[in-house]
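The primary structure of each chain is shown beneath.
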Amino acid sequence: MKLKKNQTIVYQDIEALKATEEESSSDLNLFVENFDLILRHADHIKNTPSLFFSSFKCAFISVAFLGHHQAGIGHLLTLWENEILLGTCKLCKNTLFIFSAGGSPLSGRNSCQGICVACRKVQKTKWLSFKPIMLALTFLKSKKNKRKILRTRGQYFTWEHGLTGKPVPDKLLDKGVQPATFEELIKEIQKRECD
Ligand SMILES: [Zn+2]
């Protein structure tokens with residue numbers, strides 16, 4: 001598509017659905033209860049955009065100066081497969097799958113939360129190095145859910161004529177992905193399990 005001189009393409013991030021405190025704690029419970037199921041259906045989730053970007057409030061990467069980014073379940077599954085965002089369970093020494101991490105790259109201080117693949121206990125931990133969090137952040141930012149908008153500048157100001165022309169409404173070129181709620185994601189993979 002050829003743009004006119006007064007047109008630009010704008011990308012807007014589509015954030016996962018906002019949840020109330022109550023919904024977000026029930027989403028975390030859903031995640032813990034269905035953790036096996038999520039791992040079993042990893043390929044289906046990663047290959048279905050509405051499921052890929054489905055998320056819950058406690059799934060995020062938050063870095064001082066670089067912002068708070070919600071992590072889709074697809075993001076987390078991909079990171080875990082690449083052995084990024086994995087830790088060790090304090091209780092049984094099995095693998096801890098980290099689903100939220102935050103801190104400051106300057107001080108290196110960080111705190112993470114994850115679920116143990118064996119004993120299923122959710123626990124807080126931290127890394128000695130900030131690198132895994134930066135790798136996760138880079139991946140999240142490279143695969144963001146965005147809507148694409150054509151913006152046309154219809155009005156111009158000149159000293160001679162003042163403001164001329166008419167504003168042109170934005171045109172939606174790509175509406176991005178509407179993420180499934182976390183509850184919808186669980187229902188869908190539960191259904192696949194029965195099929
Ligand atoms: Zn454990």
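Everything here concerns the structure above.
Just so you know, the residues in each chain are numbered from 1, in the order the chain's sequence is written. The predicted nature of this model means local features are confined to residues of pLDDT at least 70 and side-chain atom pairs, given and counted, to a pLDDT of 80 or more, with totals for whole chains, interfaces and linings taken over all residues.

**Student:** Explain the sheet that holds strand S1 (residues 7-13) to me, please; I cannot follow it from the model alone.
**Tutor:** Two strands in a sheet stick together by hydrogen bonds in their backbones, pointing the same way (parallel) or opposite ways (antiparallel). Ordered in space as S1-S8-S11, the three strands form an open sheet in which the pairing is antiparallel. Two strands lie at the open edges of the sheet, namely S1 and strand S11 (171-174), each paired on one side alone. Taken over all neighbouring pairs, the strand axes of this sheet differ in orientation by 35° on average, direction set aside. In this description, strands pair whenever DSSP reports at least two bridges between them. Each helix corresponds to a stretch of at least 4 residues labelled H or I by DSSP, and each strand to a stretch of at least 2 residues labelled E; elements are numbered beginning at the N terminus. Direction of pairing for S1 relative to strand S8 (residues 146-152): antiparallel, over a ladder of seven bridges. The residue of S8 that forms the bridge with Tyr-11 is Lys-148. Here an axis means a line fitted to C-alpha atoms, over the contact stretch when the element is a helix, while the angle between two N-to-C directions is reported on a 0 to 180 degree scale.

**Student:** In this structure, what is going on with the environment of Tyr-11? I would like to understand it.
**Tutor:** Within the secondary structure layout, Tyr-11 lies in strand S1. For Tyr-11, a count of 12 C-beta atoms within 10 Å corresponds to the exposed category. Sequence-wise, Tyr-11 and Ile-84 are 73 residues apart; in three dimensions their C-alpha atoms are separated by 28 Å. Each residue gets a C-beta atom placed from its backbone, and two residues are in contact if those atoms lie within 7 Å. Once residues lying within four places of it in the same chain are set aside, the contact partners of Tyr-11 are Lys-146 and Lys-148. Exposure classes come from backbone-placed C-beta atoms, where a residue is buried if 20 or more other C-beta atoms lie within 10 Å of its own, exposed if 12 or fewer do, and partly exposed in between.

**Student:** Would you mind going over the pairing of strand S3 (residues 67-70) with me for this structure?
**Tutor:** Side-chain positions along a regular strand alternate between the two faces of the sheet. Pairing geometry for strand S2 (residues 60-63) and S3, over four bridges, is antiparallel. Residue Ile-61 lies in a different strand from S3, and its bridge partner there is His-69. Turn length for the S2-S3 hairpin, with the two strands adjacent in sequence and antiparallel, is three residues, and the turn residue Phe-65 shows positive phi of about 75°.

**Student:** Looking at this structure, how should I read unusual backbone geometry?
**Tutor:** In most cases, non-glycine residues show a negative phi, while peptide bonds are predominantly trans. At Glu-83, a residue that is not glycine, the phi angle is positive and equals roughly 60°. For Glu-83, the location among the structural elements is in the loop between helix H5 (73-81) and strand S4 (86-88). Phi angles above zero are rare outside glycine, and Leu-85 is one such case at about 70°. Note on placement: Leu-85 falls in the loop between H5 and S4.

**Student:** Quick question: what am I supposed to make of the nonpolar core here?
**Tutor:** Note that soluble globular proteins tend to have their nonpolar side chains buried in a common cluster. One nonpolar core equals one set of buried Ala, Val, Leu, Ile, Met, Phe, Trp, Tyr and Cys residues connected by C-beta atoms within 7 Å. Judged by nonpolar contacts, the single largest core of 31 residues is most densely connected at Leu-76, Ile-98, Ala-101, Ala-136 and Leu-185. Those elements that provide at least two residues to this core are helix H1 (21-33), helix H4 (49-52), H5, strand S5 (95-103), strand S6 (110-116), helix H6 (131-142) and helix H7 (182-194). At five residues, S5 tops the list of elements feeding residues into this core.

**Student:** Can you help me understand H5 in this one?
**Tutor:** Note that an α-helix has 3.6 residues per turn; residues three or four places apart therefore point the same way. Burial within H5 is extensive, with seven of its nine residues counted as buried. For H5, the complete set of buried residues consists of Ile-73, Gly-74, His-75, Leu-76, Leu-77, Thr-78 and Leu-79.

**Student:** Quick question: what am I supposed to make of H7 here?
**Tutor:** In this scheme, a helix's expected span is set at 1.5 Å multiplied by one less than its residue total. Compared with the 18 Å implied by 1.5 Å per residue over 13 residues, the 19 Å span of H7 between its first and last C-alpha is a close match. Of all the residues in H7, the buried ones are Phe-182, Leu-185, Ile-186 and Ile-189. Here the buried residues of H7 occupy an arc of 95° about the axis, which is enough to place them on one side. Of the exposed residues in H7, those oriented more than 90 degrees away from the buried face are Lys-191 and Cys-194. Looking at the buried residues of H7, the elements they touch are H1, helix H2 (35-40), H4 and H5. Along the arc lie the directions from the helix axis toward the C-beta atoms.

Read these as geometric descriptors, not functional statements.
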